[in-house]
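Residues per chain are reported as follows:
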Amino acid sequence: MPGHIPPYENDDFITDVSGNKDTPIDFGNSAFSEVFSRDQNAAVPQNPSQNSPDSWKVGKKYRRKLNLSEHQVDILDQLRFTENVFNEIDYCRIQILKQFLRTTEYLHKYCIPVNKSYATVIDELSEIIVVLQYNYRKESLNYKYTYDSVKGEIFNHILKLCENNVREFYGIKRKISTDFPYTHPDILEKYHKKIVSKVEVFLTENQYQILDADAKTNIILNENNTNRWKSRFDLIRQDYTNPFAFEREIFRLADVNIKNPSVETIFFEASKFAADLDKNCALRLYIHYLDKSLLMQSDNKQLAKAIQKSLFSTPEQIKDFERILNDFTATRNLEAAIEAVNHFYLPKRKKIMIDRAAIENVQKLDSEVSQKLTDLLSDHEDESISITVEEAKNENEIIFNIENKSQDIRASKYLEEFSFTAIQKEILEIFEKHSFTVLQADFSDFLKSRKLFIASSIDSINDVCYEVLDDILIEEEDEYFTINPNYYKQLLNHD
């Protein structure tokens, strides 16, 4: 039968890590609890014969697994599950039975019957139902038989309330019917007042005692309830702190939905959610979505344009991502695709391409420039040429600015071999104007105006002249600097 889940009654994979005592549940020192304790301590066969005609009964079947007392076995033996894909899962059935035992313990202890002749409120209500529904005499055989049957119906109704409580805890939205078989208004009114109203409060307040489903159970639940992942996904989104923790939780959710055809949708929705928070995370999750989609041979979903705009700022990025997707589709190399996505937004280094033709063209251009300079120099031997290169209009165009300094050279009155600088010439002219003797204070003021030092300025001129004169040109005499006029004449161009 499609969707049928085989029973797991004989599996031993379930481990109760709650730290709670399984059974009986001690609510205090009531006489009922004492009875339970005595029953549990009594010699109870732990390995009942599998050939017993009553071995199919719930209490006997779970005696060992739940460590039940005889009294609890008797209660559970009155139950009958209307089997469905939820309570057929052994882990779920055990949680239902535990919740049922807690509930009946609570009713025994806290719901005191009005008539003190009844041990429990269930006993009291059972007789009320027999009288109102059937009107049998209390001493008759029909009364006893019907009384036990009604009591069993009450237990089974409580069992259904417990199953819905466990279903709710495990995120199963579909509930089973909890219609009560006795519809007399007085019965319903009393039943709701004495049992249902109290059980509903107890189950709500004690839902936390239900153990979380283990991985195996979650896989089965998710396979049969394909939208169950949504509630967990909402919690993961609400608890988002960083992309790595988010991805880890998404993978965990996907792991327990491995048999759920909606597993690809988990990655797709996760990719959409991450698009505004972390682009690399969004692209990685989309790759995983595509991987699941290819495995299931389903149609690929495209990210909405608004999301694409948030992920890709240029058409080139879209093409690059398409290239990664196409490569993955062709090779199915998931690791390589994820690695490519991890580097997707890193700055791309430009490749240096050596254009040998361009190099040769530049070399040729340099050669032409050199030849042009050579020609210019040869045509104007008396001209001093300086060349500056202005911004070229294009690769093959260079504009030369040529400054002609021949006019300055011709105006110099000093021999060219001395190579005086402009400031040196100016200093020499000062000496000439002052008959070759200058007061040191005046000379100092002049050099300060030019931001020069006295010693270095005099030394530089003497150094230039020393080789020719074989003596220093400028000398210091008391408060003056002086030049030998004969030496000075040797510097002049016209002499």
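The structure under discussion appears in the preceding block.
Cut-off values and rules
Residues numbered from 1 in each chain as written. Predicted model: local features only at pLDDT ≥ 70, side-chain atom pairs only at ≥ 80, totals over all residues. Heavy atoms only, no water. Helix = DSSP H or I, 4+ residues; strand = E, 2+ residues; numbered from the N terminus. Buried < 20%, exposed > 50% of the residue type's maximum accessible area, 1.4 Å probe, protein only. Contact = heavy atoms within 4.5 Å. Pairing = 2+ DSSP bridges. Patch = residues over 30% accessible without salt bridge, like charges linked within 9 Å, V, L, I, M, F, W, Y side chains within 5 Å. Areas by Shrake-Rupley, 256 points an atom, 1.4 Å probe, with all protein chains shown as cover. Salt bridge = Lys/Arg side-chain N within 4 Å of Asp/Glu carboxyl O. Lys, Arg positive; Asp, Glu negative; His and termini not counted. Charge placed at Lys NZ, Arg CZ, Asp CG, Glu CD. Axes fitted to C-alpha atoms, helices over the stretch in contact; angles between N-to-C directions. Phe/Tyr/Trp six-rings, centres within 6.5 Å; stacked < 30°, edge-to-face > 60°. Core = buried A, V, L, I, M, F, W, Y, C linked by side-chain atoms within 4.5 Å. Expected span 1.5 Å × (residues − 1). Polar contact = N/O pair within 3.5 Å; in protein donor to acceptor, adjacent residues only side chain to side chain. Parallel < 35°, antiparallel > 145°, perpendicular 65-115°, else oblique. Left-handed = near helix turned anticlockwise from the far one by under 90°. Nonpolar A, V, L, I, M, F, W, Y, C, P; charged D, E, K, R; others polar.

A. Seen up close, the overall build of the protein chain. If you tally the helices and strands in the protein chain, you get 21 helices and five strands. Looking at the protein chain residue by residue over its 495 residues, the buried ones come to 39%. Expressed as a percentage of contacts within the protein chain between residues at least 6 apart in sequence, the contacts between residues at least 24 apart total 64%.

B. A look at the pairing of strand E5 (residues 480-483). Sheet topology places strand E3 (residues 437-439) next to E5; three bridges connect them, and they run antiparallel. Its bridge partner lying in E5, leucine 439 is registered against tyrosine 480. Hairpin connection, strand E4 (residues 474-477) to E5: the antiparallel pair is bridged by two residues, and aspartate 478 has positive phi, about 50 degrees.

C. Region of the structure containing the pairing of E4. Where E4 meets E5, four bridges bridge the pair, whose relative direction is antiparallel. If you follow isoleucine 474 over to E5, its bridge partner there is isoleucine 483.

D. Structural view of the environment of isoleucine 430. Tracing the chain through its elements places isoleucine 430 in helix H18 (residues 422-433). Those residues in contact with isoleucine 430 that sit more than four places away from it in its chain are Val438 and Phe446.

E. Structural view of a negative patch on the surface. A surface patch of like charges, here negative, comprises Glu475, Glu476, Glu477, Asp478 and Glu479. Residue placement: glutamate 477 occurs in strand E4. Glutamate 477 sits in the partly exposed class, given a relative accessible area of 45%.

F. Layout of the sheet that holds E4. A sheet is described by the order of its strands in space; here three strands give the open sequence E3-E5-E4, paired in antiparallel fashion. Of all strands in the sheet, those bounded by a partner on one side alone are E3 and E4. Averaged over all neighbouring strand pairs, the angle between strand axes comes to 25 degrees, with direction disregarded. Along the sheet, H18 makes contact with E3, E4 and E5, crossing E5 at roughly 95 degrees.

G. Local environment of the packing of aromatic side chains. The tally for this structure, following the rule as stated, stands at 28 aromatic pairs. Ring geometry for tyrosine 414 and phenylalanine 420: centres 5.5 Å apart, planes at 80 degrees, overall edge-to-face. Exposure remark for phenylalanine 420: the relative accessible area of 8% places this residue in the buried category. With a centroid separation of 5.0 Å and 55 degrees between ring planes, the pair formed by phenylalanine 436 and tyrosine 488 is classed as tilted.

H. Local environment of the nonpolar core. Within the largest apolar cluster, 52 residues are counted, with the highest numbers of intra-cluster contacts made by Leu97, Phe100, Leu107, Ile154, Ile158, Tyr170 and Ile195. Contributions of two or more residues to this core are made by helix H3 (70-76), helix H4 (90-110), helix H5 (121-133), helix H6 (141-169), helix H7 (185-205) and helix H8 (215-224). Element by element, the count of residues in this core is highest for H6, at 10 residues. Each residue touching phenylalanine 100, except ones within four places of it in the same chain, is listed here: Ile75, Leu76, Leu79, Phe155, Ile158, Leu159 and Cys162.

I. Structural detail: unusual backbone geometry. Located in the positive-phi region is asparagine 67, a residue other than glycine, with phi close to 50 degrees. Within the secondary structure, asparagine 67 sits in the loop between helix H2 (58-61) and H3. Judged by relative accessible area, asparagine 67 falls into the partly exposed class, the value being 38%. Although it is not a glycine, arginine 332 adopts a positive phi angle of roughly 60 degrees. Position of arginine 332 relative to the elements: it lies in the loop between helix H14 (315-331) and helix H15 (334-342). A relative accessible area of 36% places arginine 332 in the partly exposed class.

J. How the structure looks around H6. If you check H6, its first and last C-alpha atoms are 42 Å apart, about what 29 residues at 1.5 Å a residue would give, namely 42 Å. Put simply, serine 140 is the residue that caps the front of H6, since its side-chain oxygen is 3.2 Å from the backbone nitrogen of tyrosine 143.

K. Structural detail: the packing of H5 against H6. In the contact formed by H5 and H6, the axes pass within 9 Å of each other and the chain directions differ by 120 degrees. On the basis of their axis angle, the class for H5 and H6 is oblique. Classified by chirality, the crossing of H6 by H5 is right-handed. Residues Ile122, Asp123, Leu125, Ser126, Glu127, Ile129 and Val130 of H5 pack against Tyr143, Thr146, Tyr147, Val150, Lys151, Ile154, Phe155 and Ile158 of H6. For the contact of H5 with H6, the class distribution of residues is 10 nonpolar, two polar and three charged.

L. Representation of helix H12 (residues 279-296) in the model. In a regular helix each residue adds 1.5 Å, so 18 residues correspond to 26 Å; H12 covers 26 Å between its end C-alpha atoms and thus fits that length. Between a side-chain oxygen at the N-terminus of H12 and the backbone nitrogen of asparagine 280 the separation is 3.3 Å; the capping residue is aspartate 278. Backbone geometry just downstream of H12 places glutamine 297 in the positive-phi region, at approximately 55 degrees.

M. Representation of the pattern of salt bridges. Summed over the entire model, instances satisfying the criterion amount to 20 salt bridges. Its salt-bridge partner being glutamate 124, residue lysine 194 comes within 3.5 Å of it at the nearest N-O pair. With lysine 194 in helix H7 and glutamate 124 in helix H5, the pair connects residues that are 70 residues apart, well separated along the chain. Taken as a pair, lysine 194 and glutamate 124 share a single burial class, namely buried. The partner of glutamate 426 in a salt bridge is arginine 450, with the nearest N and O atoms 2.4 Å apart. Residue glutamate 426 is found in helix H18, and its partner arginine 450 is found in the loop between helix H19 (440-449) and helix H20 (454-469); the two are separated by 24 residues along the sequence. On the basis of relative accessible area, glutamate 426 is assigned to the partly exposed category, the value being 28%. For arginine 450, a relative accessible area of 37% corresponds to the partly exposed category. When salt bridges with common partners are traced through the structure, they connect Arg232, Arg248, Glu249 and Arg252 into a single cluster.

N. Up close: the environment of isoleucine 423. By the secondary structure assignment, isoleucine 423 is in helix H18. If sequence neighbours within four positions are ignored, isoleucine 423 has contacts with Phe446, Arg450 and Leu452.

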